[in-house]
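# Understanding the architecture of this molecule
Residues per chain are reported as follows:
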Amino acid sequence: MAAPRVAVVGGGLSGLTAAYQLSRDLPGARVTVFEASPSPGGCLDTADFPSGPMELGAEAFIGRRPEASELVAELGLAHELRHPGTLGPAILTGGRLVPMPAGTLMGLPSDASTLSGVLRPADVERAAREPELPLDWAPGGDAPLGRLIADRFGAAVVARLVDPMLGGVYAAPSVGLGLRQVVPGLAEALDRGAPNLTAAARDLTAHRTPGPVFATLSGGYRVLVDALVRASRARVVTGARCTAIRRDSGGYALVGSDDRGSWTHEADLVVVAVPVPLAAPLLTAAGGVDDAARALSGIRTASSAVVALEVDRSLDLPERSGVLVATDEPVPFKAMTFSSRKWPHLEDRRGHLVRVSFGRLDDDEILATDDLTLVRMAVSALAGVCGTTPTVLHSRVRRWDNALAEIGPGHDALIAGIRGRLAEDLPGVELVGGATEGVGVPSCVGSARAAARRLAAKWQD
Ligand SMILES: Cc1cc2nc3c(=O)[nH]c(=O)nc-3n(C[C@H](O)[C@H](O)[C@H](O)COP(=O)(O)OP(=O)(O)OC[C@H]3O[C@@H](n4cnc5c(N)ncnc54)[C@H](O)[C@@H]3O)c2cc1C
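Calculation rules
Residues numbered from 1 in each chain as written. Predicted model: local features only at pLDDT ≥ 70, side-chain atom pairs only at ≥ 80, totals over all residues. Heavy atoms only, no water. Pairing = 2+ DSSP bridges. Helix = DSSP H or I, 4+ residues; strand = E, 2+ residues; numbered from the N terminus. Axes fitted to C-alpha atoms, helices over the stretch in contact; angles between N-to-C directions. Parallel < 35°, antiparallel > 145°, perpendicular 65-115°, else oblique. Left-handed = near helix turned anticlockwise from the far one by under 90°. Contact = heavy atoms within 4.5 Å. Nonpolar A, V, L, I, M, F, W, Y, C, P; charged D, E, K, R; others polar. Phe/Tyr/Trp six-rings, centres within 6.5 Å; stacked < 30°, edge-to-face > 60°. Buried < 20%, exposed > 50% of the residue type's maximum accessible area, 1.4 Å probe, protein only. Lys NZ or Arg CZ within 6 Å of the ring centre and 35° of its normal. Polar contact = N/O pair within 3.5 Å; in protein donor to acceptor, adjacent residues only side chain to side chain. Expected span 1.5 Å × (residues − 1). Near = heavy atom within 4 Å. Areas by Shrake-Rupley, 256 points an atom, 1.4 Å probe, with all protein chains shown as cover. Domains from an automatic or database assignment.

## Things to note about the sheet that holds strand β14 (residues 251-258)
- Read across the open sheet, the 3 strands follow the order β13-β14-β15; overall the sheet is antiparallel. Two strands lie at the open edges of the sheet, namely β13 (241-248) and β15 (261-267), each paired on one side alone. Recorded for the sheet is a direction-independent mean angle of 20° between the axes of neighbouring strands.
- In terms of strand pairing, β13 meets β14 through 7 bridges, oriented antiparallel. Across the sheet, Ile-245 pairs through a bridge with Leu-254, a residue of β14.

## Examining the packing of helix α11 (residues 290-297) against helix α15 (residues 411-425)
- Two numbers describe how α11 lies on α15: the axes approach to 9 Å, and their chain directions differ by 150°. Taken together, the axes of α11 and α15 are roughly antiparallel relative to one another. Of the two possible hands of crossing, α11 and α15 adopt the one that is left-handed. Contact with α11, carried on its side by Asp-291, Ala-292, Ala-295 and Leu-296, involves Leu-414, Ile-418 and Arg-421 of α15 and no other residues of that element.
- Among the residues forming the contact of α11 with α15, the class breakdown is 5 nonpolar, no polar and 2 charged.

## Some remarks on the packing of aromatic side chains
- Going through the model one piece at a time under the given rule, you end up with 1 aromatic pair.
- Between Phe-34 and Trp-263, the aromatic rings sit 4.5 Å apart at their centres with planes inclined by 15°, giving stacked as the arrangement. With Phe-34 in strand β2 (residues 30-35) and Trp-263 in strand β15, this pair connects stretches of sequence that are 229 residues apart. When sorted by exposure, Phe-34 lands in the same class as Trp-263, which is buried.
- The ring of Phe-214 is capped by Lys-342, whose NZ or CZ atom sits 5.9 Å from the centre of that ring.

## Quick look at the pairing of β15
- One ladder, built from 7 bridges, connects β14 with β15; its direction is antiparallel. Counted as the bridge partner of Asp-258 is Gly-261 from β15.
- Connecting the antiparallel pair β14 and β15 is a turn made up of 2 residues.

## A closer look at the environment of Asp-291
- Along the chain, Asp-291 turns up in helix α11.
- Overall, Asp-291 belongs to the partly exposed group, its relative accessible area being 35%.
- Along the sequence, Asp-291 and Ala-280 sit 11 residues apart, while their C-alpha atoms lie 10.0 Å from each other.
- Here the side chain of Asp-291 touches Arg-421 through a polar contact of 2.4 Å, side chain to side chain.

## Topic: the environment of Arg-241
- Position of Arg-241 among the secondary structure elements: in strand β13.
- Considering only alpha carbons, one finds Arg-241 and Ala-36, 205 residues apart in sequence, at a separation of 4.2 Å.
- Ignoring sequence-local partners within four residues, the contact set of Arg-241 consists of Ala-36, Val-255, Gly-256, Ser-257 and Trp-263.

## A look at helix α1 (residues 13-25)
- The first and last C-alpha atoms of α1 sit 18 Å apart over 13 residues, in line with the 18 Å expected at 1.5 Å per residue.
- Of all the 13 residues making up α1, 11 are buried; the element is thus mostly covered by neighbouring parts of the structure.
- Among all positions of α1, only Leu-13, Ser-14, Gly-15, Leu-16, Thr-17, Ala-18, Ala-19, Tyr-20, Gln-21, Leu-22 and Ser-23 are buried.

## Notes on unusual backbone geometry
- Of note in this structure, Met-106 is not a glycine but carries a positive phi near 50°.
- Look at Asn-402: it is not a glycine, yet its phi comes out positive at around 50°.
- Note on placement: Asn-402 falls in strand β21 (residues 392-405).

## Observations regarding the site of the ligand
- Near the ligand lie 32 residues; those nearest to it are Ser-14, Glu-35, Cys-43, Ala-60 and Val-441.
- Here a nitrogen atom of the ligand and a backbone polar atom of Ala-36 are 3.0 Å apart.
- In this structure, an oxygen atom belonging to the ligand sits 3.1 Å away from a main-chain N or O atom of Glu-59.
- Computed on the free molecule, the ligand has an accessible area of 1,000 Å², of which 87% lies beneath the protein chains in the complex.
- Classifying every residue of the shell around the ligand gives 21 nonpolar, 8 polar and 3 charged.
- Of the domains in this structure, domain 1 (5-42 + 221-299 + 407-460) and domain 3 (302-404) are the two that each give at least three residues to the shell around the ligand.

So this is what it looks like as structure tokens:
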């Protein structure tokens, strides 16, 4: 069988991983990646600070999940792996920093008595009564995470622990997130018959695998992006925005534009690896999958902005990995990472490295805020946390437009339905990325490789 022409729309982690996997599984395939921006990587964006690399997008990945760790090893980058030190985050609540209580699972308490530093006594008592409440859980089921926790532990646990914890990752409040996707271990413990959430959290935290949960790369995510581009042997066309995917005789025609005008590209297999709101119109153009496109459009996304700072070491930076913000706290930022405290390999950099994140679901104002104002907001936030104004050695701002999807209850079934529809009506087209399997580097790698394998298997059939 002739080697196929493969087109990948979107040169972020998902698109590049799919391109890499397809070129391995279909030797001889001509793989082209179309990336709208001037460089590949998407949410993986490493800046050059004078003292070394600094992440403006994703900073780490869950190293205990196999997907990203395996890919890193396969690409010969295992020597780049670094792990965080032992410092935990603080929560900004009531105008002060308090350590994240020990033994919590995504902010969910396994022992309410540890919450007294964060919650008022009445709220601690309320949380402690959770095991007494009857649990209505059907194995295999799902629930809106925030509502379930508020109903069982009280709203304060959501506002001061769970939402601050999840806000840094999902940029969406837990009320719109699904338990099964966001805390799968907890859903599985309930499936196995855990009598309440406290018991499930206690069981899970007691049996945690020792050792670091997260990992990053010493040269920054850029080394992964570069390695994927090389190993995929794909033609990566930057500055090329795809505007439509149309059916063509025997395959598909991608239509797009770049600074030289419009272009058309024919392909047998297509991987769509763009953020959710951009994927729906591409699929609609192909026709026949309007309901799948509508379902995709229904997934809400959040925009955010990251201000990366290197500040003089005279600043008395707290001995924590960063700051999470209680939702009732009147500050404009949602999280702060003290990168050079969190990662021992960054400790010897000239200044302290700090990332300040802004932006929440349904609040796109941050995208319209100019760089100077964002840097001022970040410096003022840092000054508020440290008690003195830092001297900034270097700064960079990066906005993330609709980059993070709200993974709601029943998300897996929704995506399975969309995939089924595509398989029937647009054979040879796969949808991958953060909106499908969930937010995060391991999910994107897993989703992209699985989709590439499905396409390769079908082509070879
Ligand atoms: C600020 C931030 C911090 C994060 N931190 C972490 C973290 O620490 N750990 C973790 O695991 N995850 C983190 N994530 C999530 C993780 O980075 C993403 O889930 C993942 O990188 C998404 O990859 P992707 O390829 O699916 O999408 P993207 O990275 O969004 O890539 C999509 C690409 O498609 C391109 N594109 C869009 N439209 C078109 C078009 N029409 N034609 C051609 N190209 C197009 C875009 O320019 C982009 O390059 C973070 C995300 C953000 C925004």
